[in-house]
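The chain contents come next:
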Amino acid sequence: MSSPVLSLASIEKVFPNGVRGLSPVDLTVEKGDFVTLIGPSGCGKSTLLKLIANLHTPSGGKMNWWGGNFGDVGRKGRRMAFVFQDATLMPWATIAKNVRLPLDLEKVDRSTADKRALAALERVGLGHVTEHYPAQLSGGMKMRVSIARALVTEPDLLLMDEPFGALDEFTRNRLDEEMARLCYEDGLTTLFVTHALHEAAFLSSRVMVMAARPGRIHAEYEIDQSILRNEEFRLSDQFAGISRELAILLEDASRESMIQQEMRA
Ligand SMILES: Nc1ncnc2c1ncn2[C@@H]1O[C@H](COP(=O)(O)OP(=O)(O)OP(=O)(O)O)[C@@H](O)[C@H]1O
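Residues numbered from 1 in each chain as written. Predicted model: local features only at pLDDT ≥ 70, side-chain atom pairs only at ≥ 80, totals over all residues.

On to the overall build of the protein chain. Along the protein chain, the regular secondary structure elements total eight helices and nine strands. Radius of gyration (C-alpha) of the protein chain: 19 Å, near the 18 Å computed for a compact globule of 265 residues. Judged by the C-alpha coordinates and their principal axes, the protein chain covers about 60 × 45 × 40 Å. Put simply, the protein chain has 265 residues, and 38% of those count as buried. (Helix = DSSP H or I, 4+ residues; strand = E, 2+ residues; numbered from the N terminus. Rg over C-alpha atoms; globule rule 2.2 N^0.38 Å. Buried ≥ 20, exposed ≤ 12 C-beta atoms within 10 Å, placed from the backbone.)

Now the structure itself:
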C-alpha cells in the first residue's frame, strides 16, 4: 500500500515569543482528499498549513510527506504548491509570464513553459488573457491566475490559505465550483483553509473543525467524495444538512475555546 500524502503525529507549534500556535495535532491526508480546515480566528489554521509547507518548523511531533522527510519531497519527484489569499502577481509582467514563473525558476525550456502556462490558464478559463497585465483583470480573474500558477507545476499537493476570502459571494461560488471540478476530476490532493462554512460544506471530502486557545482539532467531519459539486448540490437538502451539522460543530468549538479562555483568565 502506498504511503499517505501527509501524516502528522502530535505536531505542535510554540512560537519563540511563547505563544502556542498549535497544540498537538494528528492528521492523515490520502491521495485525492480535499481536506478543509475551518475554525475561529487564531485557532492555528494558517500555522498548520505553514508547518506542512515547511515555512514553520514544528516544536514537537512527527510529520511525513509521502512517507518521507520534507527534504525528500523533490527527490521523489513530488511537488507542492501554495495559493495565498492575495494573488501576489508581478504587476509588470504579462499573465502568461506570471504563470510561467515557477517553470522559469526550474529552467524549463521556453516553448514547453509557454505551452504549459497556456494549458494551465485554459484550465481556469483564462486562455484569452495571456498577454494582459494583472491591473487589467478583476479580483476573481487574478485569483484564477494565481491558481493557474500553482497548477502549472502539476502539484501532487495543493495548499490554499483562504484563497477566495476577499471576493464577493457570486465570484467565490463560481471559483468554488471551478476548484471542485479541478480537484475532483483530476484527483488533486488539496488542503484548504477557509472561514466560510458554506465553502467548506461545498468543497470538502473531509472538514477538520478547529478550536482556539490553544489551537487544536475539535472534530472531523466526512463528506461523501462522490457527490457532484455543482449548483444543484448547492441548492439541495443534502448541502443544507451538511452546512447545519458543520455549523453545530463550529459552535461547539467556539464555545469550548471561550470556556478555555475563561478558565485561564
Ligand atoms: N509568527 C508568529 N509569532 C507569534 N505568534 C504567532 C505567529 N504566527 C501566528 N501566531 C499566533 O498563533 C495563533 C494561530 O495563528 P494562525 O494565524 O495560525 O491562526 P488562524 O486560525 O489562521 O487565524 P485567522 O483565521 O485569523 O487567519 C494566533 O494566536 C497567532 O497570533
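That was the structure; now back to the text.
Our focus in this paragraph is the site of the ligand. Neighbouring the ligand are the residues F15, N17, V19, G21, S41, G42, C43, G44, K45, S46, T47 and G215. The dominant element in the shell around the ligand, judged by the number of residues it contributes, is helix α1 (residues 45-52), at three residues. Residues belonging to the shell around the ligand are distributed by class as follows: three nonpolar, eight polar and one charged. (Near = placed C-beta within 6 Å. Nonpolar A, V, L, I, M, F, W, Y, C, P; charged D, E, K, R; others polar.)

Helix length check: helix α4 (residues 139-151), at 13 residues, gives a terminal C-alpha distance of 18 Å against a target of 18 Å (1.5 Å per residue), a fit within 8%. Most of α4 is tucked away: ten of the 13 residues are buried. By the burial criterion, the buried members of α4 are K142, M143, R144, V145, S146, I147, A148, R149, A150 and L151. Against β5 (80-83), α2 (95-105), α3 (110-123), β6 (157-161) and α5 (169-186) lie the buried residues of α4. (Expected span 1.5 Å × (residues − 1). Contact = placed C-beta atoms within 7 Å.)

Moving on, we come to the sheet that holds β6. With mixed pairing, six strands are arranged side by side in an open sheet as β5-β6-β7-β3-β8-β9. Two strands bound the open sheet, and with one partner strand each, they are β5 and β9 (216-222). Taking each pair of neighbouring strands and ignoring which way they run, the sheet shows an average axis angle of 15°. When β5 meets β6, the two strands line up parallel, connected through four bridges. If you follow A81 over to β6, its bridge partner there is L158. Strands in contact with α1 are β3 (34-38), β6, β7 (189-194) and β8 (206-211); relative to β7, the strand with the most contacts, it is inclined by about 150°. (Pairing = 2+ DSSP bridges. Axes fitted to C-alpha atoms, helices over the stretch in contact; angles between N-to-C directions.)

Listed under "domain: ABC transporter" (unreviewed entry) in the UniProt record, and renumbered for this structure, are residues 6-239. Taken end to end, residues 6-239 is 33% helix and 25% strand, and its first and last C-alpha atoms sit 28 Å apart. (UniProt positions renumbered as here; feature names shortened; annotations may be inferred.)

With respect to topology, three strands assemble into an open sheet ordered β2-β1-β4, the strand pairing being antiparallel. The open sheet terminates on both sides in strands that have one partner only, identified here as β2 (20-29) and β4 (60-65). Between one strand and the next, the sheet's axes are offset by a mean angle of 20°, whatever the strand orientation. As defined by bridge partners, strand β1 (residues 6-14) adjoins β4 across five bridges and the pair is classed as antiparallel. By the bridge assignment for β4, E12 is matched with G60.

Counting residues in hydrophobic clusters, the biggest one holds 67 residues, and the most contacted among them are V99, L121, A148, L159, M208 and M210. Residue contributions to this core peak at six residues, all from α4. Among all residues touching V99, those that are not within four sequence positions of it are A117, A120, L121, V145, A148, R149 and V152. (Core = buried A, V, L, I, M, F, W, Y, C linked by C-beta atoms within 7 Å.)

This paragraph deals with the confidence of the model for the protein chain. Summarising the model, the protein chain shows a mean pLDDT of 91, and 99% of its residues fall at 70 or more. Listed scores for the predicted complex are pTM 0.92 and ipTM 0.96. (pLDDT = per-residue confidence, 0-100.)

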